[in-house]
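Now for the letters of each chain:
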Amino acid sequence: MLFDKQTYIQRRAMLRQQVGEGLIILPGNNDSPMNYPANAYKFRQDSTFLYFFGQHREGLCGVIDADAGEDWLLGDDISLDDIVWFGAVDSVADMATECGAGKSAPMSQLQVLVDAARRQGRTIHFLPPYRHDWMIQLMDLTGIHPRDQKAAASLALINAVVEQRARKSAGEVAEIERAMDIGYEMHTTAMRMCRPGVTEQEIAGRLAGIAQSRGCITSFQTILSMHGEIQHGYPSSRPLEAGRLMLCDCGAETNENYCSDNTRVTPISGRFTQKQRDIYQAVADAHDRVVEMAAPGVKWWDCHFAAARVITERLKDIGLMCGNTDDALAAGAHAMFFVHGLGHMMGMDVHDMEGLGQVYVGFDDEVRPRLDQFGTNFLRCGRRMQEGFVMTDEPGIYFIPALIDDWRARGHNKEFINFDRVEEYRDFGGIRLEDDLLITADGCRYLGEKRIPLQPDEVEAFVNA
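Residues numbered from 1 in each chain as written. Predicted model: local features only at pLDDT ≥ 70, side-chain atom pairs only at ≥ 80, totals over all residues. Heavy atoms only, no water.

Caption draft 1: How the structure looks around the overall build of the protein. Along the protein, the regular secondary structure elements total 17 helices and 17 strands. Its C-alpha atoms give the protein a radius of gyration of 24 Å, within 12% of the compact-globule value 23 Å for 465 residues. By the burial criterion, 53% of the 465 residues in the protein qualify as buried. Here the contacts in the protein between residues at least 6 apart in sequence split such that 72% fall between residues at least 24 apart. (Helix = DSSP H or I, 4+ residues; strand = E, 2+ residues; numbered from the N terminus. Rg over C-alpha atoms; globule rule 2.2 N^0.38 Å. Buried < 20%, exposed > 50% of the residue type's maximum accessible area, 1.4 Å probe, protein only. Contact = heavy atoms within 4.5 Å.)

So this is what it looks like as structure tokens:
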């Protein structure tokens, strides 16, 4: 376990207090076969189960009885056949003792506990399921069909989990910093390898190897492409071409599920053209404006639009946008170039807790998501920042031919966009620059002991050294 027993006892006690009553079910994950049962993907534990029970073995489930004040760790001990193939592991009872859960039992006890709670009219609390094996088991336990389980998930439990996991402790920050160190090695390796003739897949494969060699995995499928305008541009077998840009968005995830997530853009020929440098600097300036601004009490919504304002002003200087900046922002004209939200929470999931529902994770009673405007509808967070939040700062400028054609044909925001000038950038690609920020008592700071080169002169100096 990453932390001492008392940490997990305190986390569960706080959860019981916040939820108030009922039976809380927190399932761990099972192995996921790739093509047959004995050939599984690398195991990854459910983050919320790991947060509250600390155990990595597959086939476990945590139950917290908010009324009786009891914690159960459920699971079946492994057989002799399992020991032959995979080696001995601690018993479920020993794991329960290690994490401070007072009771342990075989997995069959889960049905007994749930049936008893339902007979007593108590609430069964569960989070929105995302794995189909648990959906089936949950249907067997409660009778709720998988299509209805997301809607039936406990809002009280969702809010309580978000409240705890959103603010990172010093120990959690240290584990994120470890992921950041591995991410630094991944990104600087990509920058060193970036040259004409090397394939996108070759570089991405090397990055995955770095993570695995450090006992980790990538925190998400690496995005690495000359087509930076594609938000999830996964690596292809295409060789890198002189004169173009390579966007690399990748990170590492430690064995304790804590993540890093950075994005950099590298000129494949080693130098930015003037056109590339102008767009790159606009994104870098927007990125730096957020670092100046982010602090406890500041709304991430305001940080997003501060970055959008910088991008709009710089694009006006270049001649790609025009008109009054306030009016352009209100109309969403900037979103043809800055198509997504500024960033997201990060922690035990690279998009931290996104599976619980972004409206609960990234927003609050004061700031609600706006879904009626392109660009803003992709904003994953708008809430006021608190000390201990970890956020990604990732503005971008993209030239997406299909989007350009659609807006031009409809005359959408034509008073703010110089479409004739935009045509000169159709094959530009895209630039996104991303760093991970810890919100501190009086502002924010970068995570990671080493800074991946970001400013254009730094990037050129690094790749040509």
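And the narrative resumes.
Caption draft 2: Representation of the packing of helix H1 (residues 5-19) against helix H8 (residues 155-166). Direction vectors running N to C along H1 and H8 enclose 140 degrees, while the axes themselves pass 9 Å from each other. Of the possible angle classes, the one that applies to H1 and H8 is oblique. The chirality of how H1 crosses H8 is right-handed. Contacts between H1 and H8 involve Arg-11, Met-14, Leu-15, Gln-18 and Val-19 from the first element and Ala-156, Leu-157, Ala-160, Val-161, Glu-163 and Gln-164 from the second. In the contact of H1 with H8, the residues fall into 7 nonpolar, 2 polar and 2 charged. (Axes fitted to C-alpha atoms, helices over the stretch in contact; angles between N-to-C directions. Parallel < 35°, antiparallel > 145°, perpendicular 65-115°, else oblique. Left-handed = near helix turned anticlockwise from the far one by under 90°. Nonpolar A, V, L, I, M, F, W, Y, C, P; charged D, E, K, R; others polar.)

Caption draft 3: Inspection of the pairing of strand S12 (residues 262-267) at higher detail. Among the 6 residues that make up S12, 6 are buried, leaving the element largely enclosed by the rest of the structure. Burial along S12 is two-sided: the residues Asn-262, Arg-264 and Thr-266 and Thr-263, Val-265 and Pro-267 are all buried. The pairing of strand S10 (residues 245-250) with S12 spans 6 bridges and is antiparallel. Each residue of the ladder has a partner; that of Leu-247, found in S12, is Val-265. (Pairing = 2+ DSSP bridges.)

Caption draft 4: Just the sheet that holds strand S9 (residues 223-225), in detail. The strand order across the open sheet formed by 3 strands is S9-S10-S12, and the pairing between neighbours is antiparallel. Either end of the sheet is taken by a strand with one partner, and the two such strands are S9 and S12. Pairs of neighbouring strands in the sheet enclose a mean axial angle of 10 degrees, with direction left out of account. Inspection of the sheet shows S9 paired to S10 by 3 bridges, in the antiparallel sense. In the sheet register, Leu-224 faces S10, and the bridge partner there is Cys-248.

Caption draft 5: Structural detail: the sheet that holds strand S7 (residues 124-125). Sheet architecture is open: 5 strands sit in the order S6-S5-S4-S1-S7, paired in mixed fashion. Looking at strand neighbours, the two that pair on one side only are strand S6 (103-105) and S7, the edges of this open sheet. Of the pairings in the sheet, the one linking strand S1 (residues 23-27) to S7 comprises 2 bridges and is parallel in character. Bridging from a neighbouring strand, Leu-23 pairs with Ile-124 of S7.

Caption draft 6: Quick peek at a nonpolar patch on the surface. Nonpolar side chains collect at one region of the surface, where Leu-80, Ile-83, Val-84, Trp-85 and Phe-86 lie side by side and expose about 680 Å² of accessible area between them. Assignment of secondary structure puts Leu-80 in helix H3 (residues 80-86). Under the relative-accessibility criterion, Leu-80 is labelled exposed at 63%. (Patch = residues over 30% accessible without salt bridge, like charges linked within 9 Å, V, L, I, M, F, W, Y side chains within 5 Å. Areas by Shrake-Rupley, 256 points an atom, 1.4 Å probe, with all protein chains shown as cover. Salt bridge = Lys/Arg side-chain N within 4 Å of Asp/Glu carboxyl O.)

Caption draft 7: Just helix H6 (residues 132-142), in detail. Every buried residue of H6 is accounted for by Trp-134, Met-135, Leu-138, Leu-141 and Thr-142. One side of H6 carries all its buried residues, which in axial view fall inside an arc of 125 degrees. Those residues of H6 that are exposed and angled more than 90 degrees off the buried face are His-132 and Asp-140. Looking at the buried side of H6, the elements it contacts are S1, helix H5 (109-119) and helix H7 (146-152). In the segment just after H6, Gly-143 is the residue with positive phi, at about 80 degrees. (Arc of directions from axis to C-beta.)

Caption draft 8: Spotlight on unusual backbone geometry. Backbone geometry at Met-353 places phi at a positive 65 degrees, although glycine is not the residue there. A residue is classified by how much of its surface remains accessible, and Met-353, at 1% relative accessible area, is buried.

Caption draft 9: Structural view of the environment of Glu-394. On the secondary structure map, Glu-394 appears in the loop between strand S13 (390-393) and strand S14 (396-398). Exposure remark for Glu-394: the relative accessible area of 9% places this residue in the buried category. As for Glu-394 and Val-283, which are separated by 111 residues in sequence, their C-alpha atoms are 8.8 Å apart. The residues contacting Glu-394, other than those within four sequence positions of it, are Asp-261, Phe-338, His-340, Gly-341, Leu-342, Gly-343, His-344, Arg-432, Leu-433 and Glu-434. A distance of 2.9 Å separates polar atoms of two side chains, one belonging to Glu-394 and the other to Thr-392. (Polar contact = N/O pair within 3.5 Å; in protein donor to acceptor, adjacent residues only side chain to side chain.)

Caption draft 10: View of the side chain of Asp-65. Summarising the element assignment, Asp-65 is placed in strand S4 (residues 60-65). On the accessibility criterion, Asp-65 (9% relative accessible area) is buried. In terms of polar contacts, Asp-65 uses its side chain to reach the backbone amide nitrogen of Asp-67, at 3.0 Å. Here Arg-122 takes part through its side chain, which lies 2.6 Å from a polar atom of the side chain of Asp-65. When residues no more than four places from it in sequence are discounted, the contact partners of Asp-65 are Arg-16, Gly-22, Leu-23, Glu-70 and Arg-122.

Caption draft 11: Fine view of the packing of aromatic side chains. Taken as a whole and assessed by the stated rule, the structure comprises 11 aromatic pairs. Between Trp-301 and Phe-305, the ring centres sit 5.5 Å apart and the planes meet at 45 degrees, which makes this aromatic pair tilted. Residue Trp-301 and its partner Phe-305 are located together in helix H12 (residues 300-318), separated by 4 residues, close to a single helical turn. With respect to class, Trp-301 is no different from Phe-305; both count as buried. Put simply, the rings of Phe-337, Phe-399, Tyr-425 and Phe-428 pair up and form one aromatic cluster. (Phe/Tyr/Trp six-rings, centres within 6.5 Å; stacked < 30°, edge-to-face > 60°.)

Caption draft 12: Inspection of the nonpolar core at higher detail. Counting 124 residues, the largest nonpolar core has Leu-15, Leu-110, Ile-279, Phe-337 and Phe-399 as its most contacted members. Leave out the neighbours within four places in its chain, and Leu-15 touches Ile-24, Leu-26, Phe-52, Ile-64, Leu-157, Ala-160, Val-161 and Gln-164. Grouped together as the second largest cluster of nonpolar side chains are 19 residues, Ile-182, Leu-224, Cys-250 and Ala-252 included. (Core = buried A, V, L, I, M, F, W, Y, C linked by side-chain atoms within 4.5 Å.)

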